[in-house]
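Letter by letter, the chains look like this.
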Amino acid sequence: MAESSADFGLTESRKPSALLQSVDSQIKGAFDGWEPSTRWTLANGQVWAIEDGSRSAYRQRTGPAVKLKRGTFGGFFIEIEGVSQSPRVRRID
């Protein structure tokens, strides 16, 4: 059975061939960078948090597009529109 986008990032053992490799969404509300404790709620209802301890500041804007990607060793990374870094994240909800 294939993974749905609603399940993306949740911990559960599945066959690798059935796992989605990425999900597209948007950050709800303002975005002005992140620090280790930052959490984002996405337009699809998922909540993700910075996991790698990185920090970054950007000019504030609203609702940038994001792509969450599955990493090689089971981690997840977030690509944010207009941002060159892709920090490691984990799904909270």
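Residues numbered from 1 in each chain as written. Predicted model: local features only at pLDDT ≥ 70, side-chain atom pairs only at ≥ 80, totals over all residues. Heavy atoms only, no water.

A short note on the environment of Phe31
Threshold: Working definition: helices are DSSP H or I runs of at least four residues, strands are E runs of at least two. Numbering for both runs from the N terminus. Partly exposed describes any residue whose relative accessible area lies between the buried limit of under 20% and the exposed limit of over 50%, with all areas from a 1.4 Å probe on protein chains only and scaled to the type maximum. Two residues form a contact once any of their heavy atoms are found within 4.5 Å.
Mapped onto the elements, Phe31 comes out in strand E2 (residues 30–34). Taking the relative accessible area as the measure of exposure, Phe31 reaches 1% and is therefore buried. Residues Phe31 and Gly75, spaced 44 residues apart in sequence, show a C-alpha to C-alpha distance of 23 Å. Not counting residues up to four positions away in its chain, the partners in contact with Phe31 are Trp40, Tyr58, Arg59, Gln60, Arg61, Pro64, Ile80 and Val83.

Here's the deal with the pattern of salt bridges
Counted only if it meets this: The term salt bridge refers to a side-chain nitrogen of Lys or Arg lying within 4 Å of a carboxyl oxygen of Asp or Glu.
On inspection of all chains with the given rule, the structure shows four salt bridges. Where Asp24 meets Lys67, a salt bridge forms, and the shortest distance between an N and an O atom there is 3.4 Å. Taken together, the residues span a long stretch of sequence, with Asp24 in strand E1 (residues 22–26) and Lys67 in strand E6 (residues 65–70) at a distance of 43 residues. By relative accessible area, which is 27% here, Lys67 ends up partly exposed.

Describing the pairing of E6
Let me state the cut-off plainly: Strands are labelled as partners when DSSP assigns at least two bridges between them.
Residues Val66, Leu68 and Arg70 of E6 are buried on one face, while the alternating residues Ala65, Lys67 and Lys69, pointing to the opposite face, are not. Two elements, E1 and E6, share five bridges in a ladder whose sense is antiparallel. For Ser22, the partnering residue across the bridge sits in E6 and is Lys69. Pairing of E6 with strand E7 (residues 76–80), which is carried by five bridges, proceeds in the antiparallel orientation. By the bridge assignment for E7, Arg70 is matched with Phe76.

Points about the nonpolar core
This is how the line gets drawn: To qualify as a nonpolar core, a set must consist of buried Ala, Val, Leu, Ile, Met, Phe, Trp, Tyr and Cys residues joined through side-chain atoms within 4.5 Å.
One finds Trp40 and Ile80 to be the most contacted residues of the largest nonpolar core, which totals 16 residues. Elements that contribute at least two residues to this core include exactly E2, strand E4 (47–50), E6 and E7. Ranked by residues supplied to this core, first place goes to E7 with three residues. Excluding residues within four positions of it along the chain, Ile80 makes contact with Phe31, Trp34, Trp40, Arg61, Pro64, Ala65 and Val66.

Topic: the packing of aromatic side chains
We count it as follows: Here a Phe, Tyr or Trp ring, Trp counted by its six-membered ring, pairs with any other such ring whose centre lies within 6.5 Å, and the pair is stacked when the planes are under 30 degrees apart, edge-to-face when over 60, and tilted otherwise.
Inspection of the entire model under this criterion finds eight aromatic pairs. Here Phe31 and Trp40 contribute two aromatic rings whose centre-to-centre distance is 5.9 Å and whose plane-to-plane angle is 45°, an arrangement assigned as tilted. Of the two residues, Phe31 and Trp40, both sit in the buried class. Ring centres 6.1 Å apart and planes at 80° place the aromatic pair Trp34 and Trp40 in the edge-to-face group. On the basis of relative accessibility, which here comes to 4%, the residue Trp34 falls in the buried class. Judged by relative accessible area, Trp40 falls into the buried class, the value being 5%. An aromatic cluster of three or more residues is present, and its members are Phe31, Trp34, Trp40 and Tyr58.

Limitation: the analysis is restricted to geometry and does not speak to function.
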